[in-house]
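# Coordinates in review
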Amino acid sequence: MNSKERENKIAFMTCVEVVLMRRGNTNYNLVLAKLQSYHNFWIFECIDHPEHLRDILKEVYQNEYYSIVDEIRMESERLDDMDETKEAFLKVMLS
């Protein structure tokens with residue numbers, strides 16, 4: 001992975017974190033704890049395995065899940081050259 005691709009992935013996952021933090025510290029920390037407990041992952045590693053994040057977000061946020069995915073999409077709109085990364089990530093999140 002080249003440095004530009006790595007920077008893009010970090011920027012995208014930062015958008016994911018921002019959305020989750022806006023939803024409240026308690027649930028955000030619960031998501032992080034479950035990622036560590038179930039998969040030994042940090043949130044930035046979910047760019048390559050969005051299915052892990054999807055499952056945990058559905059568990060933690062239940063009825064709010066799809067609005068969170070929509071917020072992630074909107075938050076990431078301002079990123080340039082991210083269409084392929086965003087599309088792949090959101091496709092898994094919506095499956």
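Above: the structure in question.
Residues numbered from 1 in each chain as written. Predicted model: local features only at pLDDT ≥ 70, side-chain atom pairs only at ≥ 80, totals over all residues. Heavy atoms only, no water.

Quick look at the packing of aromatic side chains now. Across all of its chains, the model carries two aromatic pairs by this definition. On the basis of an interplanar angle of 75° and a centroid distance of 5.0 Å, the ring pair of Phe 12 and Phe 89 is categorised as edge-to-face. On the criterion of sequence distance, the pair formed by Phe 12 in helix α1 (residues 3-22) and Phe 89 in helix α5 (residues 83-93) is long-range, its members being 77 residues apart. Take Phe 12 and Phe 89: they sit in the same class, and that class is buried. Taking 5.0 Å as the distance between ring centres and 80° as the angle between the ring planes, the aromatic pair formed by Tyr 65 and Tyr 66 counts as edge-to-face. Take Tyr 65: its relative accessible area is 1%, and that puts it in the buried class. (Phe/Tyr/Trp six-rings, centres within 6.5 Å; stacked < 30°, edge-to-face > 60°. Helix = DSSP H or I, 4+ residues; strand = E, 2+ residues; numbered from the N terminus. Buried < 20%, exposed > 50% of the residue type's maximum accessible area, 1.4 Å probe, protein only.)

A separate point is the environment of Glu 87. For Glu 87, the position within the fold is in helix α5. For Glu 87, a relative accessible area of 60% puts it in the exposed group.

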